[in-house]
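# A structural walkthrough
Listed below, chain by chain, are the residues.
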Amino acid sequence: MNVDGIVRDETNVAGKAEEKEYSYEEEEEERMVEELGMYRGKVRLVNTEDPAEETMLLWGIQQPTFSKPNAFARQTSLQLPIDACGRSLSILQSPSNLGTPGVTGSVMWDSGVVLGKFLEHAVEAGRIHLQGKKVVELGSGCGLVGCIAALLGAQVILTDLPDRLRLLKKNVEANLYGDVRGSATVTELTWGDELDHGIKDPLPDYVLGSDVIYSEGAVMDLLATLLDLSGTQTTVILAGELRNDAILEYFLQAAAEDFTIGRVDQSQWHPDCCSPRVVIYVLVKT
Ligand SMILES: C[S@@+](CC[C@H](N)C(=O)[O-])C[C@H]1O[C@@H](n2cnc3c(N)ncnc32)[C@H](O)[C@@H]1O
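Quick notes on the rules
Residues numbered from 1 in each chain as written. Predicted model: local features only at pLDDT ≥ 70, side-chain atom pairs only at ≥ 80, totals over all residues. Pairing = 2+ DSSP bridges. Helix = DSSP H or I, 4+ residues; strand = E, 2+ residues; numbered from the N terminus. Core = buried A, V, L, I, M, F, W, Y, C linked by C-beta atoms within 7 Å. Buried ≥ 20, exposed ≤ 12 C-beta atoms within 10 Å, placed from the backbone. Contact = placed C-beta atoms within 7 Å. Axes fitted to C-alpha atoms, helices over the stretch in contact; angles between N-to-C directions. Parallel < 35°, antiparallel > 145°, perpendicular 65-115°, else oblique. Nonpolar A, V, L, I, M, F, W, Y, C, P; charged D, E, K, R; others polar. Near = placed C-beta within 6 Å.

Under an unreviewed UniProt entry, the name given to the chain is Protein N-lysine methyltransferase METTL21A isoform X1, and the organism recorded is Nicotiana tabacum.

Next up, the structure:
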C-alpha cells in the first residue's frame, strides 16, 4: 500500500507493466473469505507479507488497552461459574498458584471463556461440527475450552505441562458427568516435544488453544507442535488476549511460513462473550 492508501499490483503482461488500483474497501473485500478449513464462517485473511499491518489494525480498531482485563474471568476466586451447553459449569481455580513463576494455567483467562462460548455459538450456528471429531487442546490450563468441546460432541484430548495436570483432571471430572455427547481425556504435552501416538495418530480434526501466545520464547515450540498436529484436514482455532503486539506479530510472521491465517470477526462470536482485548484466529496448513 502506498501513502495514498492505494495498492498497485504490477503484473507483467506481454512485457508491459500493468497497474491495477485497489481502493481500501476492495482490498478488504478480497481479504474476506467465506470459510477456512473446517470453519464455515467468514474470516479476514491476515496479510502474511506484512503481519505488522494486522497488529496495527487490531490495536487501532479494537484499542485493547482501553478496556479492562478479566471481563469474564475471576482470577481471585476458587471457582468460576460459567453457563454453557445447557449446563452450569463450575471451573475450579487455584489463585494462590498464579504467583509461582511460570505458572499461568491455575486460573481461567478471558480468551478461554471467549473461545469456549465461541465454540458453543459456532456449533449452534452450524459453522463448526464437533460431533465425533478428534480435538486436541494445547495449554488447557483449567480446561474450560476442552470441557465445552466434549459437551458439544468432540473426542477431546486436553493437554498441558506435566505438573499442571492435577487441576485440569479435577475440572474434567467435576464438569463432565452424566450424559456427555463426546469424551475427554487429559495428557501431558510440552510444546516442541515429540508427540505421543495417541495424540497424533490419527491427526486431529481440530486443534484448540486459548491464551497460548504470550511468551516470545515459547512461540517456535508452540508452532512446531501446531505443525506436527496439522494434516490436510486439520483446522486450528486459537484465541488470544491482546497484551503484547510484538509477540503476536512474531507469532503471525513465523506461522505465516506454514499456515493460512484468518481472523474471525466478532459478529460471529457468542453475543454475550465479546471483548476488544481478545482475538480469534483460524489457521490451516498451506
Ligand atoms: C495463559 S494460560 C491459558 C490457560 C487456558 N488455556 C485459558 O485460556 O485459561 C497458558 C497455558 O499454556 C500452558 N503452557 C505454557 N507453556 C507451555 C509449554 N511449553 N508446553 C505446554 N503448555 C504450556 C500453561 O501451563 C498454561 O496452562
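### Concerning the sheet that holds strand 10 (residues 206-210)
Spatially, 3-4-12-13-11-10-7-8-9 is the arrangement adopted by the nine strands of the open sheet, whose pairing is mixed. Taken across any chain shown, the strands that pair with only one partner, and hence form the sheet edges, are strand 3 (32-33) and strand 9 (183-188). Where strand 8 (residues 155-160) meets strand 9, six bridges bridge the pair, whose relative direction is parallel. Bridge assignment links Val 156 to a residue of strand 9, and that residue is Ala 184.

### Section: the nonpolar core
Counting residues in hydrophobic clusters, the biggest one holds 78 residues, and the most contacted among them are Ile 148 and Ala 149. Other than its neighbours up to four places away in sequence, Ile 148 contacts Ala 84, Cys 85, Gly 116, Leu 119 and Glu 120.

### Notes on the pairing of strand 5 (residues 79-84)
Of the two faces of strand 5, the one holding Leu 80, Ile 82 and Ala 84 is buried and the one holding Gln 79, Pro 81 and Asp 83 is not buried anywhere. In the sheet, strand 5 pairs with strand 6 (residues 87-92) via six bridges, with the strands oriented antiparallel. When the sheet's bridge partners are listed, Gln 79 is paired in strand 6 with Leu 92. Here strand 5 hands over to strand 6 after two residues, with Cys 85 in that stretch at a positive phi of 55 degrees.

### Comments concerning the environment of Gly 209
Following the sequence through the fold, Gly 209 ends up in strand 10. Taking C-alpha positions, Gly 209 is 8.0 Å from Gly 112, a pair spaced 97 residues apart along the chain.

### Side note on the packing of helix 3 (residues 110-124) against helix 4 (residues 144-151)
In contact at an axis separation of 8 Å, helix 3 and helix 4 are set at 10 degrees when each is read in the N-to-C sense. On the basis of the axis angle, helix 3 is roughly parallel to helix 4. Here Gly 112, Val 113, Leu 115, Gly 116, Leu 119 and Glu 120 of helix 3 come into contact with helix 4, specifically with Leu 144, Val 145, Ile 148 and Ala 149. Looking at the contact of helix 3 with helix 4, its residues break down into seven nonpolar, two polar and one charged.

### Things to note about the site of the ligand
The local shell around the ligand holds 22 residues, among which Gly 105, Gly 112, Gly 139, Gly 141 and Ser 210 are the closest. Among the residues making up the shell around the ligand, the classes are represented as nine nonpolar, nine polar and four charged.

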